[in-house]
Amino acid sequence: MLARQVARVPRVSALGRVGHSFAFASRRSILSGACRGIRLAKFSPAPCRRFFHAGTALREEDTAEEIQEEERVVDEVDVLIVGGGPAGLSAAIKIKQLAEAKGEDIRVVLLEKGAEIGNHILSGAVIQTNALDELIPDWKEKGAPLNQPALHDKMVFLTETGSIPMPHPPQMNNKGNYIVSLSRVATWLGEQAEEAGVEIYPGFAGAQIVWDEDANGNKRGIRGIVTNDIGLNKEGQPKDNYEPGMEFRAPITLFAEGAHGSLSLKIMKELKLREEVGADPQTYGIGIKEVWRVKPENHEAGLVAHTMGHPLSTDTYGGSFMYHMDDNMVSLGLVVGLDYGNPYLSPYQEFQRMKHHPFFARVLEGGQCLAYGARALNEGGYQSIPKVHFPGGALVGCSAGFLNVPKIKGTHNAMKSGMLAAEAAVEALAHRSENDPYAPIDIAEYKNKLDNSWIMKELYEVRNIRPSFHAFGFLGALIYSGLETMFLKGKVPWTLHHEKEDYQYTKPKDQCKPISYPKPDGKLSFDILTSVSRTGTNHAENQPVHLVVKDGHYKGHVERNVGIFDGPLGRVCPAAVYEYVNKEDANGREDACGKKLVINSQNCIHCKTCSIKTPDQSIEWTVPEGGGGPKYSLT
């Protein structure tokens, strides 16, 4: 492995602040006596990925593996953070604050797969500010984009054409909270982190784990991560612009990838983090969202509305939201629990149908749809939280699953979890080995801090509400949830459990009725490709497909998923990535199902839903080239 050749150089970003970047010299340039490359990574705009080539050019016969061995750059840092959402950024800021208070220099590097901080952040966000108040008390003076206070709450049950007012649970009281674009909040947090001295590298996707192994090759922790290679073609061969991924090593790596993060899943599986604490399976929902600018007469600034019922049937968990932001903008969306049974259900189409209900239509008519997006979110709650620490790192934010589903909030918990991990990390770094300062550290104190925080208190109180849907059915769960939120507040001697993973609830097609969805009218409802165009999604052409059928699963995939379930992948995906098209074999005959799978990976908006809901669990979501995917700015 190449020893690192790193020189830090000062720079001034486009934001006008001094930050840090790196100049990397590869072994090839050293041997040739010329500078092969400089990589400049900026927080804003997207990082420059230009290398100056000197000496021998890439040979066509060079494989990516051979070039990696020759040129992989290794960098060692004090704390590495994977993910630039609220949790990761809060952790980074807190570490720098604590280091400054102690008069220490702790080097923090944050990697984000989006082209810019905030590009991959989506939420129907009404946030409470307790974590932000603690982290940056003068956030108002510093221009945090929290502009619209929540002023009015409304909750209704929707019938097909009408609405019935419902009691508002106390957990959903939003007085003192703010309606925000979470992507804008993340962008602002990124600015604060950079000002604090955090080295932020957008466009760097974490692709592999650097494992810490014993003499027998057993994985016992991690030493860091490897970013993915840039400039490979679809066959995995290097193109002219090829750059091998970098290896970042740290005694502590914080994983803040969001729900169903690819590296977090690998760590949980390899280190058996769920089994070790007896955690339930994680269960998920898919949130589909649009942002509209509506007529001033239809806008009610500060209104926070939630609904149950239409368009979802009573055997499907979910509900909708409509938040009136500033500047005549309205954020609305639908969350559908991914434990639904009917393979013919399309969350995207349910959302489009929902907007024609009078409750929404009277607000949206005459308005303009500005943005669209979708994202999986954790719904498992308290009993689905895995072990959150291990030698070399910890899980923070949605990677661990701190969303309060009945409260419909998670940002404050995500931020606080990052801050607590930061405290534990700084304390642990003070005692690291002098002989091997980059040896993996287990920040076990992180769990103790979590247990004594409001995060676990919140989640424990509402732990039975989501699983009550399966335990008691829709009406029973509605009554039970009312009792829990109004009176019991989690003080019952039992805990209901999530018995199965979401994909296991999917029923065979012969047990379900197809659903006929109306055609979009182009005014309130839209075809899926029009919606995807509003995400700004882009992936580099001719790169390896990042959505793959797992090894050993390709044979029989169509027969299982089409033959038994009639191809639910094509309906659950909110971006038209998956299609089952007609196929004929070499003899002119159709195969067993008459279909083949086509993956339009360029459409992918990184929601992760496919790898959660596929009935045979054959789809694996891996990271594409860094900088690809959606470019959210209003969500």
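Position numbers for residues count from 1 along each chain, tracking the sequence in the order it is written. The predicted origin of the model limits local features to residues at a pLDDT of at least 70 and limits the giving and counting of side-chain atom pairs to 80 or more, whereas totals for whole chains, interfaces and linings rest on all residues. Side-chain metrics rest on all non-hydrogen atoms present in the structure, leaving aside hydrogens and water.

Caption draft 1: Spotlight on the overall build of the protein chain. A helix here means a DSSP run of H or I that spans at least four residues, while a strand means a run of E at least two residues long, and both kinds are numbered starting from the N terminus. Per the secondary structure count, the protein chain includes 17 helices and 28 strands. Working definition: with a 1.4 Å probe on protein chains only, accessible area under 20% of the residue-type maximum means buried, over 50% means exposed, and in between means partly exposed. When each of the 635 residues of the protein chain is scored for burial, the buried share is 58%. Throughout, a contact is declared for two residues whenever any of their heavy atoms are within 4.5 Å. Considering only residue pairs separated by 6 or more positions, the protein chain has 75% of its internal contacts joining residues 24 or more positions apart. With the model as given, the accessible surface of the protein chain reaches about 25600 Å², and the carbon-plus-sulfur share is 50%. The Shrake-Rupley method, run with a 1.4 Å probe, gives the accessible areas here. Residue values count only the displayed protein chains as cover.

Caption draft 2: Local environment of the nonpolar core. Grouped together as the largest cluster of nonpolar side chains are 83 residues, with contacts concentrated most on L146, L189, L254, F255, F402, I443 and Y446. The residues touching I443, leaving out its near neighbours within four places in the chain, are I252, L254, H389, G393, A394, A421, A424, A425 and A428. What makes a nonpolar core is a set of buried Ala, Val, Leu, Ile, Met, Phe, Trp, Tyr and Cys residues whose side-chain atoms join them at distances within 4.5 Å. Residues V294, Y340, F351 and L547 belong to the second largest nonpolar core, which totals 57 residues.

Caption draft 3: Structural view of helix α6 (residues 262-270). Residues of α6 that are buried include every one of S262, L263, S264, I267 and M268, and no others. Looking one or two residues past α6, K272 carries a phi angle of roughly 55°, positive in sign.

Caption draft 4: Quick look at the pairing of strand β12 (residues 206-213). Within β12, 6 of the 8 residues are buried, leaving the element largely enclosed by the surrounding structure. Across 7 bridges, β12 lies against strand β13 (residues 219-227) in antiparallel orientation. Within β13, the position partnered with D212 by the bridge is G221. Each pair of strands is called paired provided DSSP finds at least two bridges between the two strands.

Caption draft 5: Molecular detail of the packing of helix α3 (residues 86-102) against helix α5 (residues 182-195). For helices, the axis comes from a line fit to the C-alpha atoms of the stretch in contact; other axes are also lines fit to C-alpha atoms, and the angle between any two N-to-C directions lies between 0 and 180 degrees. Put simply, α3 and α5 touch, their axes get as near as 9 Å, and they point 20° apart. Here α5 runs roughly parallel to α3, going by the angle between their axes. Pair α3 / α5 crosses with left-handed handedness. Listed contacts from α5 to P86, L89 and I93 of α3 are L182, A186, L189, G190, Q192 and A193. Under the scheme applied, nonpolar residues are Ala, Val, Leu, Ile, Met, Phe, Trp, Tyr, Cys and Pro; charged residues are Asp, Glu, Lys and Arg; polar residues are all the others, including Gly. Classifying every residue of the contact of α3 with α5 by side-chain character gives 7 nonpolar, 2 polar and no charged. An angle counts as roughly parallel when it lies under 35 degrees, as roughly antiparallel when it exceeds 145, as roughly perpendicular when it falls between 65 and 115, and as oblique in every other case. Throughout, a crossing is termed right-handed when the near helix is turned clockwise from the far one, and left-handed when it is turned anticlockwise from it by less than a right angle.

Caption draft 6: Representation of the sheet that holds strand β3 (residues 74-76) in the model. Here 4 strands make up an open sheet; going across it, the order is β3-β16-β13-β12 and the pairing mixed. Lying at the two open borders of the sheet, with one neighbouring strand each, are β3 and β12. Averaged over all adjacent pairs, the angle separating strand axes in this sheet is 35°, with direction ignored. Taken strand by strand, α6 contacts β12 and β13, and its axis lies near 25° from that of β12.

Caption draft 7: Fine view of the packing of helix α10 (residues 411-429) against helix α12 (residues 454-461). Two elements in contact, α10 and α12, have axes whose closest approach is 9 Å; the angle formed by their N-to-C orientations is 140°. On the basis of the axis angle, α10 is oblique to α12. Contact with α10, carried on its side by H412, N413, K416, S417 and L420, involves W454, I455, E458 and L459 of α12 and no other residues of that element. Of the residues contributing to the contact of α10 with α12, the split by class is 4 nonpolar, 3 polar and 2 charged.

Caption draft 8: Quick peek at the packing of aromatic side chains. Aromatic pairs are defined between Phe, Tyr and Trp rings, using the six-membered ring for Trp, whenever the two ring centres lie within 6.5 Å; interplanar angles under 30 degrees are classed as stacked, those over 60 as edge-to-face, and all others as tilted. Applying the stated rule across the entire model yields 11 aromatic pairs. With 6.0 Å between their ring centres and 35° between their planes, W292 and F526 make a pair best called tilted. Of this pair, W292 sits in strand β18 (residues 284-293) while F526 sits in the loop between α13 (468-488) and α14 (528-533), and the two are 234 residues apart along the sequence. With respect to class, W292 is no different from F526; both count as buried. Look at NZ for Lys and CZ for Arg. If either is within 6 Å of the ring centre and within 35 degrees of the ring normal, a charge sits over the ring. The ring of Y438 carries R432 above its face, with NZ or CZ at 5.7 Å from the centroid. Above the plane of the ring of Y317 lies R466, whose end atom (NZ or CZ) is 3.8 Å from the centre.

Caption draft 9: How the structure looks around unusual backbone geometry. Following H310, the chain continues into P311 via a peptide bond in cis, with omega recorded as 10°. With respect to the helices, strands and loops of the structure, P311 is situated in the loop between β19 (303-309) and β20 (318-324). Non-glycine residue N328 carries a positive phi angle of around 60°. Within the secondary structure, N328 sits in the loop between β20 and β21 (329-337).

Caption draft 10: Examining the pattern of salt bridges more closely. Salt bridge criterion: a side-chain nitrogen from Lys or Arg within 4 Å of a carboxyl oxygen from Asp or Glu. By the definition in use, this model includes 24 salt bridges. Taking the shortest distance from any N to any O, the salt bridge between E290 and K355 comes out at 2.8 Å. Of this pair, E290 sits in strand β18 while K355 sits in the loop between α8 (347-354) and α9 (358-364); the two residues are 65 residues apart in sequence, bridging distant segments of the chain. The burial state of E290 is the same as that of K355; both residues are buried. Each member of the salt-bridge network shares a partner with another, and the members are D212, R220, R223 and D436.

Caption draft 11: Here's a closer look at the environment of V79. Examined against the element boundaries, V79 turns out to sit in strand β4 (residues 79-82). Sequence separation between V79 and Y438 is 359 residues; the distance between their C-alpha atoms is 9.7 Å. In this structure, V79 is in contact with I95, I106, R107, V108, V109, A250, I252, L254 and L429, ignoring residues within four places of it in sequence.

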